[in-house]
Each structure stands twice: as structure tokens, then as C-alpha cells.
Amino acid sequence: MKIPSRIITIDRTPIYVGDNALSFVDKVIRSMHLGHDGIYILVDKNTRHYCLPVLLEQSALLAGARLLEIDGGEDSKTIAMAGKLWNELLASGASRESLLVNLGGGVISDLGGFVTAGYKRGINYLNIPTTLMGQSDAAIGGKTAVNLGSIKNQIGFFHAAKSVFIFPGFLNTLPKDHMRSGMAEIIKCALVGNARLWRRIRNHPVTEILSLPVEHAFWHEMLTSTIKYKNMVVVRDYKENKLRKVLNFGHTIGHALEAYSLLDSRKPLLHGEAVAAGMICAAYLSHKKTGLMAPDMEAITTYLTDGFPAYSVDSLSMPAVMELIVHDKKRKNGHLQFTLISKPGNPVINISCDQEEILEALGFFNATLSG
Ligand code: GLY
């Protein structure tokens, strides 16, 4: 099935979604009346190889763009890498009129957005996300960031892309584990904001969904519902004073597990794999603190443990994980603030949880592996 493009708008950031989304790139660039100081495309090896040729087929204006290439992966999301890119932009004469096109997953849009926010106090950029994680979450909403040591997204700016182009066909180039990782953000949006979508998703195990071609109507439904939901949240609370916190469901513990997994000897968790683990902990805390019914907690837990790879935190690692949780940004007056749910589709923000409760949630998560 062909998915016709439609336009969803975040304030002044249009999001073009669909099979001909990329055909709008030149029109948008033309409308920006750029000077002659250059267009740059930020890629990694994979997006240069698999996605750039597809983009260039649709955009004559990008044919002359200069490429900036980084290594894929979370290790590139550093201030040092931003410094390297700033030097490359400066050396090649980029000015305030220049444009950066981020072609890649969450690392590319977070880092590329960060670079544009800082370069000469802010230049324009476009996001063309090529992963499910990017298309359903990271490329939308103007959050840009790099990591500080092992702590995720500590340094960043709100700096919105001029436009976002979501071409689902790029997902055909993605390995299964990255598709599964992106599924976590779709599940998150369903759990906090769309009970109907959650009921649809929970009837289809993750492995079944991953076996569907991205052209399937169910992918279209999941992707557009998620983008529309995220769009609505960002329009209403761009700077995350209140409502946008709902998008942090599963992320407080998830970020810590993701960071911890980069330090231990096992294969590092992908962002969505860590968020899935974080959502199991958040479901437990929701049951304990905000009235999530036991059958809902169990349904969420079973769905996620069946769908995502097992990862456990042994008791010796708990202090290190707790240390990472405590450094999370979502703190107020020394208390860790969680986004929980009272039922699927009903988020509750700013719920304080103490360390004992968090340890209990991690214990619950570990127990699901042996259950
Ligand atoms: N990824 C969460 C947010 O954009 O707020």
C-alpha cells in the first residue's frame, strides 16, 4: 500500500510524513531563501550508503551539499564530536545562512541539532530521520543534546528543525533490533496517550509486528498516531514545563540502564531496549503509587518481557545504576520525579519516588526475567 504524504505541523515546524515526503525537501529549502554559504548533510556510514542515494534522487538542491560524516552510535554524541563538527563547518566557510540536514537516527538528529544550536548562535536545520526511533520520537520536538560522560543528554538546547521529513521506506534498511528499539517509543506513546492504540498493539506480539512490511497499514497507523500524539504534546508544552513530561514514561530508569549497559561487559542496550525495561519498572511503580490495576501492570510487563531481549541488573550493580538514576534531569528539591500512569492512556506526572521504591521496581524487573 502506498502511504500518501500528509503534513502535520508543530507550530512552525511542518512534519511531512509518507511515501513522497522527500519530494517536499527542495520546496522547503527554496522557501528558506538561503544565501550561498552552503548546505551540509550530516550522515554516518550506514545512512551515507543506504539513505543518501534515495534522498538525492528526490532533491536536486542537495546534490551539491557537503557531507559531514560521523561514526554511528551513542559514543559519537559528545561535546568533543560537536567541537570537531564546528571546526569542520568553520573551516569550510559555513555562515549563519548555512543549513544542516540531519540524515540518520536519534544520534544524528540529537548531535546535529546540538551543533546547529551552538554554531554562530544558531543556524537552520532539517531532520530526515531514518530509524524508527528517529521517526517516532527523536527527530520531532526540537530537543537537541549530547551526553556528558556516561550520563545521557545532559547538555543541550531546545532548537527546533525548520521541517521534518518522515519517509517510512528508510525503515526497510534497518536491522530488526533497531526496529524493535523504535517500537518501544511507539508503545510508550500508546501507554501514556492512546489507550485504543495500546489495546491494538497488545494483541500483536512485537515479533509479529516486526515481521510486517513497513508498507503495512498497521505500521502506518502506529507511526502516524505516535507522530500526531508527540506533535500535540510538543505544541502544548515545547519547553517541558508540564505536559511534555508524559513522554518521559520509562525513561528515568531506562536512561540509567542504557548508560549502565555501556559500562558493563555485555552488549550495550539500544535506547528502546532500555526504555522497555524502564517501562516495566514504571508499570510497577504505577501500580504501587498511582493506581494502575494489577491486570494492566501484568499485561504491560508480559508484553514487554516477551518482546524485548532479557537484561538483568545483579545486586552488585544496583548502587551504580542508582547513582545514574539520581543524576537524571528529572529531579525536584532532591526528589526523583517519575511519569507514571493510572491506567493506559492516563499519564500522571511529577510523582516522587524514593530510592527504596526504585530498588523495589528494579527487583520486580529482575523477577520478570525468571518468571
Ligand atoms: N523524547 C522525549 C521528548 O521529546 O520530550
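About the criteria used
Residues numbered from 1 in each chain as written. Predicted model: local features only at pLDDT ≥ 70, side-chain atom pairs only at ≥ 80, totals over all residues. Heavy atoms only, no water. Axes fitted to C-alpha atoms, helices over the stretch in contact; angles between N-to-C directions. Helix = DSSP H or I, 4+ residues; strand = E, 2+ residues; numbered from the N terminus. Parallel < 35°, antiparallel > 145°, perpendicular 65-115°, else oblique. Contact = heavy atoms within 4.5 Å. Nonpolar A, V, L, I, M, F, W, Y, C, P; charged D, E, K, R; others polar. Disulfide = S-S within 2.5 Å. Buried < 20%, exposed > 50% of the residue type's maximum accessible area, 1.4 Å probe, protein only. Near = heavy atom within 4 Å. Polar contact = N/O pair within 3.5 Å; in protein donor to acceptor, adjacent residues only side chain to side chain. Areas by Shrake-Rupley, 256 points an atom, 1.4 Å probe, with all protein chains shown as cover. 1 Å grid on protein atoms, 1.4 Å probe; cavity = no way out; pocket = protein on both sides within 12 Å on 5 of 7 lines; lining within 4 Å. Points joined across faces, edges and corners; volume = space filled by probe spheres on them. Expected span 1.5 Å × (residues − 1). Bend = angle between axes of the 7 residues up to and from the residue. Salt bridge = Lys/Arg side-chain N within 4 Å of Asp/Glu carboxyl O. Arc of directions from axis to C-beta. Core = buried A, V, L, I, M, F, W, Y, C linked by side-chain atoms within 4.5 Å.

Novice: Would you mind going over the packing of helix H6 (residues 176-193) against helix H12 (residues 294-307) with me for this structure?
Specialist: Two quantities define a packed helix pair, namely the angle between the helix axes and the distance between the axes. Here H6 crosses H12 at 170°, and the two axes come no closer than 12 Å. Between H6 and H12, the crossing angle belongs to the class labelled roughly antiparallel. When H6 is examined against H12, the residues Arg180, Met183, Ile187 and Leu191 are found in contact with a partner set consisting of Ile300, Tyr303, Leu304 and Gly307. Its residues placed into classes, the contact of H6 with H12 shows six nonpolar, one polar and one charged.

Novice: I keep staring at the state of the cysteines and nothing clicks. Help me out?
Specialist: In protein structure, a disulfide is the covalent linkage between the sulfur atoms of two cysteines. Scanning all chains against the criterion turns up zero disulfides. Unpaired in terms of disulfides, Cys189 finds its nearest cysteine sulfur in Cys281, a separation of 19 Å. You can call Cys189 buried: its relative accessible area is 3%. Note on Cys281: no disulfide assigned, nearest cysteine sulfur contributed by Cys353 at a separation of 11 Å.

Novice: Sorry, what's going on with the site of the ligand here?
Specialist: Close to the ligand lie Asp137, Lys143, Lys230, Glu240, Arg244 and Leu247, which account for all nearby residues. Contact distances for the ligand include 3.0 Å between a nitrogen atom and a side-chain N or O atom of Asp137. Take Arg244: an N or O atom from its side chain is 2.7 Å from an oxygen atom of the ligand. A total of 200 Å² of accessible area belongs to the ligand in isolation, and the protein chains cover 88% of it. For the shell around the ligand, the per-class residue count stands at one nonpolar, no polar and five charged.

Novice: What is the right way to read unusual backbone geometry from this model?
Specialist: Leaving glycine aside, a negative phi is the common case for residues, and trans is the common case for peptide bonds. Even without glycine at this site, Lys120 takes up a positive phi of about 50°. Counting through the fold element by element, Lys120 comes out in the loop between helix H4 (106-118) and strand E6 (124-129). Using a relative accessible area of 36% as the deciding quantity, one classes Lys120 as partly exposed. For Asn153, which is not glycine, the phi dihedral falls at a positive 55°.

Novice: Is there a simple way to explain empty space enclosed by the protein in this structure?
Specialist: Rolled over the atoms, a probe with the dimensions of a water molecule shows which regions are left empty. According to the stated counting rule, one finds three cavities of 30 Å³ or more in the structure shown. In this structure, the largest cavity encloses a volume near 90 Å³. What lines the largest cavity is a set of 13 residues, and nearest its centre among them are Ile151, Lys152, His255, Leu324 and Asp328. The set of elements that each furnish at least two residues to the lining of the largest cavity consists of strand E8 (151-158), helix H10 (251-263) and helix H13 (318-326). When its volume is computed, the second largest cavity comes out at roughly 50 Å³.

Novice: How should helix H2 (residues 45-58) be read in this particular structure?
Specialist: Owing to its 3.6 residues per turn, the α-helix brings residues three or four apart onto one side. The end-to-end C-alpha separation of H2 is 20 Å, in line with the 20 Å expected for 14 residues at 1.5 Å each. Along H2, the sharpest kink reaches roughly 45°, centred on Cys51 and followed within four residues by the proline Pro53. All buried positions along H2 are accounted for by Thr47, Cys51, Leu52 and Leu55. Where H2 is buried, its residues meet helix H1 (25-31), strand E3 (39-44), strand E4 (66-70), strand E5 (99-104) and E6. Structurally, the start of H2 carries an N-cap: the backbone nitrogen of Asn46 is 3.0 Å from a side-chain oxygen of Asp44.

Novice: Could you clarify how one ought to interpret the pattern of salt bridges in this entry?
Specialist: Pairs can form between side chains of opposite charge once their charged atoms are near each other. Under the defined criterion, the tally for this structure stands at 16 salt bridges. Salt-bridge contacts for Lys152 lead to Glu258; the nearest nitrogen and oxygen are separated by 3.1 Å. Of this pair, Lys152 sits in strand E8 while Glu258 sits in helix H10, and the two are 106 residues apart along the sequence. In terms of burial, Lys152 and Glu258 fall into one category: buried.

Novice: Sorry, what's going on with helix H3 (residues 79-91) here?
Specialist: Here H3 is 13 residues long and its end C-alpha atoms lie 18 Å apart, about the 18 Å a rise of 1.5 Å per residue gives. Listed as buried for H3 are Met81, Ala82, Leu85 and Leu89. The buried side chains of H3 occupy one side of the element, clustering within an arc of 100° when seen end-on. Along H3, the residues that are exposed and aim more than 90 degrees away from the buried face are Ala80, Asn87, Leu90 and Ala91. In this structure, the buried side of H3 is in contact with E3, E4 and H4. The positive-phi residue at the C-terminal boundary of H3 is Gly93, with phi of around 85°.

Novice: In this structure, what is going on with the nonpolar core? I would like to understand it.
Specialist: Membership of the largest hydrophobic core comes to 95 residues, with the highest contact counts inside it found for Met183, Ile187 and Ile201. Broken down by element, this core gets its largest block of residues, eleven residues, from helix H11 (residues 271-289). When residues no more than four places from it in sequence are discounted, the contact partners of Met183 are Leu132, Ile201, Ile209, Leu210, Trp219, Met222, Tyr303 and Phe308. Core analysis: the next-biggest nonpolar cluster, separate from the first, contains 23 residues, Tyr16, Val43, Leu62 and Phe167 among them.

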